[in-house]
Amino acid sequence: MEFNINKLLLIFFFLINVNASVITLKEDNRYKISTKDTKVYKDETKNYSINEIISRVFSDIKNDRLNFKYSGNTYWLKFDIKRTTKESYYLKLNNTWLNEVNIYYVKNKEVLKEYKTGLKYNHHSKAISSNEFAFPLDLYLDSYTIYLKINSANPILLPLEIVKENYFLKEQNFNTIFDTVFYACVILMFFYNLFIYIISKVQIYKFYLSYIVGIIGFLLYYDGYLLSLVFYDTALLNELFSYLFFIMIFISISVFSSILFQSKKYANVFHNILISSSIYIMPLLCLLAMLLVYFNLLTYLYLLHKAIIVTSIFILLLIVSITIRQFVINRVIVSKVYAFIWVIFMLVTMFYIMNFVLGIVDIQLMTKILKLNIVLEVVMMSLLIAYKLKISNEENLKLELKNKEQELYILRQTRLASFGEVLNSIIHEWKQPLHRINMISLDLEITYNKKGLTKEYLYHQLNEIETQTKYMNDTVTQFSDYFNPKKEKEKFYLIDCVKEAIKLLSVKFNKNSVNYLINCTDNKISTSGYKKEYIQVIIILLNNSIDAIVKENIQNPTIVFEIFQRDNIPMLCVIDNAGGIKVKPIDKIFDANVSTKDEKVNSGIGLFIAKRIIEDNMNKKLICQNHYDGAKFSIIG
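Note that the structure is predicted; figures quoted are calculated from it, not measured. (Residues numbered from 1 in each chain as written. Predicted model: local features only at pLDDT ≥ 70, side-chain atom pairs only at ≥ 80, totals over all residues. Heavy atoms only, no water.)

> Quick rundown of helix α3 (residues 165–200)? Include the residues and the values.
Here α3 is 36 residues long and its end C-alpha atoms lie 52 Å apart, about the 52 Å a rise of 1.5 Å per residue gives. Directly after α3, the chain includes Lys201, whose backbone phi takes a positive value near 60°. (Helix = DSSP H or I, 4+ residues; strand = E, 2+ residues; numbered from the N terminus. Expected span 1.5 Å × (residues − 1).)

In structure tokens, the structure reads:
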């Protein structure tokens, strides 16, 4: 009796096991394999061989799709094939993101043929030369059973179909052409943006270039090209590189979005969360996944992949929120177009990720939509950023021209002030010879009236007048040379510049009782540049020091000039004892809007002009520092 019960149970299990619908291949071009056509066995041990699994009891699939989402288990699928035609067919699995895909062709519990492929395998047993998981159904038997072993740390979504060979080859050709055009467009836009970055040096292009590289690399991995073309014998490197590309994508789009839409300014909270998520959390998750992959610790890898997917969607939602906010508050049309395109791209990407888990839309169709969206986004964003850059350059050029005009105006004002100082010096230099000529004239008149004017005495006095007028002429010539607009670089001695500057400001030195001292290690220390402008800088420094001395009412005011060489570099230092510079940081003294003086007396623009003359016009350096009880200005070069 016991034997009969066991026999009945075996017959019962056998009937359950063979109760799957048979897929009959007739003349149709395509057969979609549904849950009604297949049965499933969940192998929680992951260790069953095909010979062991054949005797196992398979059950019906409860969900509407062949979608097992994330799972740490291995799934076996089985379905029966019946042929009524001699046409050749292929079994396609439209998910290239599975770790292991093993297929077995079984007849009467005997394995007739098998293939092993997937992200975890080096493709030594792949069925055909393709980036897809496709297997030929070339067994011309009336019927047989196919067993599929699926194991993956990624979503286990299994869109299965059987396609006639000629249609399969046409689809392959179309997909190859589509992918070639896609990658060609994206690579072309990469070089377009690279060219603009090289020319403009705008930092935002650097992140956009990184984003494009990440997109290209990750899609090559997702499409299977990275494994089939590059890492054919090193599947581990294929996976490791995929994580690196994934990190690159999310860091790049996050930083790019934050810069483009000024999230730090307009959405600071979202900005901080976005940067933390993309720069710290996402890389950390991916690096942990890389470690698990490298050491083949795959038990919990699928849980980590869940976290990566959730973090990806979260980051995309943050970017969408920031972009929508920018779209609302920004009134510039170009910026609104940026925001609109970016929002559409982010939403499509987010739906693609969710669809990859849920299987709402056909994966191949959704992948093509994503690629078209990427091409449109890259082209439009590249053109818009270039247009924005052009507008920005035009605005910067206008601003630069305006600043140049302002600087020229300031320079003219400075030179007029210098002209006033020089004019005072000329008047001072002329007073003595004019007084002398006047005295000679009076002497000649008195001598003539007294009948004592001799020929020799007349010539002597006339020669004296000529000497005085020559001195006056030389003085005017010397000062007029200072304002000569002729600009030719020349070699000149530093001590000569100091002496000429002192002479030009001799009236101011005398009026304010300012002493000066020249410490020169070698009178032949020279430099090259524009001598008149160099002298003007010394005059500006001297005016600044003398004004500070007068303001602080310094006792025994002194200005010291030091001329020396350091490492064969000529140096000129102007040191005063006016109490030092109170501005902090001290380098702000050279800013155009900073002055230590009364604004009614002086705007402080002189030091700004001096620094521009020395550093921009003559490629030297002008620095300042507090030195004992005063300030020290050094011209280096």
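This is not the end of the story, as more comes after the structure.
> Account for the pairing of strand β9 (residues 110–117), with residues named and values stated.
Here strand β8 (residues 100–107) pairs with β9 via 7 bridges, running antiparallel. Across the sheet, Ile103 pairs through a bridge with Tyr115, a residue of β9. Here β8 folds back onto β9, and the loop between the two strands holds 2 residues, one of which, Asn108, carries a positive phi near 55°. (Pairing = 2+ DSSP bridges.)

> Can you lay out the packing of helix α9 (residues 301–329) against helix α10 (residues 333–358) for me, pointing to particular residues and giving the numbers?
The interhelical angle for the contact between α9 and α10, taken along N-to-C directions, is 160°, at an axis separation of 9 Å. When the axes of α9 and α10 are compared, the pair comes out roughly antiparallel. As α9 runs across α10, the sense of the crossing is left-handed. Across the interface between the two elements, Ile309, Ser312, Ile313, Leu316, Leu317, Ile319, Val320, Thr323, Ile324, Phe327 and Val328 from α9 touch Lys336, Ala339, Phe340, Trp342, Val343, Met346, Leu347, Thr349, Met350, Ile353, Met354 and Val357 from α10. Grouping the amino acids of the contact of α9 with α10 by side-chain chemistry returns 19 nonpolar, 3 polar and 1 charged. (Axes fitted to C-alpha atoms, helices over the stretch in contact; angles between N-to-C directions. Parallel < 35°, antiparallel > 145°, perpendicular 65-115°, else oblique. Left-handed = near helix turned anticlockwise from the far one by under 90°. Contact = heavy atoms within 4.5 Å. Nonpolar A, V, L, I, M, F, W, Y, C, P; charged D, E, K, R; others polar.)

> Explain the nonpolar core to me, and be specific about the residues and the numbers.
Counting residues in hydrophobic clusters, the biggest one holds 85 residues, and the most contacted among them are Ile253, Trp342 and Ile374. Elements with a minimum of two residues in this core: α3, α4 (203–222), α5 (225–230), α6 (235–260), α8 (268–294), α9, α10 and α11 (363–449). Considering each element in turn, this core owes the most residues, 13 residues, to α10. Every residue in contact with Ile253, bar those within four places of it in the chain, is listed here: Tyr211, Leu316, Ile319, Trp342 and Met346. Counting 45 residues, the second largest nonpolar core, distinct from the first, contains Ile535, Ile546, Phe561 and Phe590. (Core = buried A, V, L, I, M, F, W, Y, C linked by side-chain atoms within 4.5 Å. Buried < 20%, exposed > 50% of the residue type's maximum accessible area, 1.4 Å probe, protein only.)

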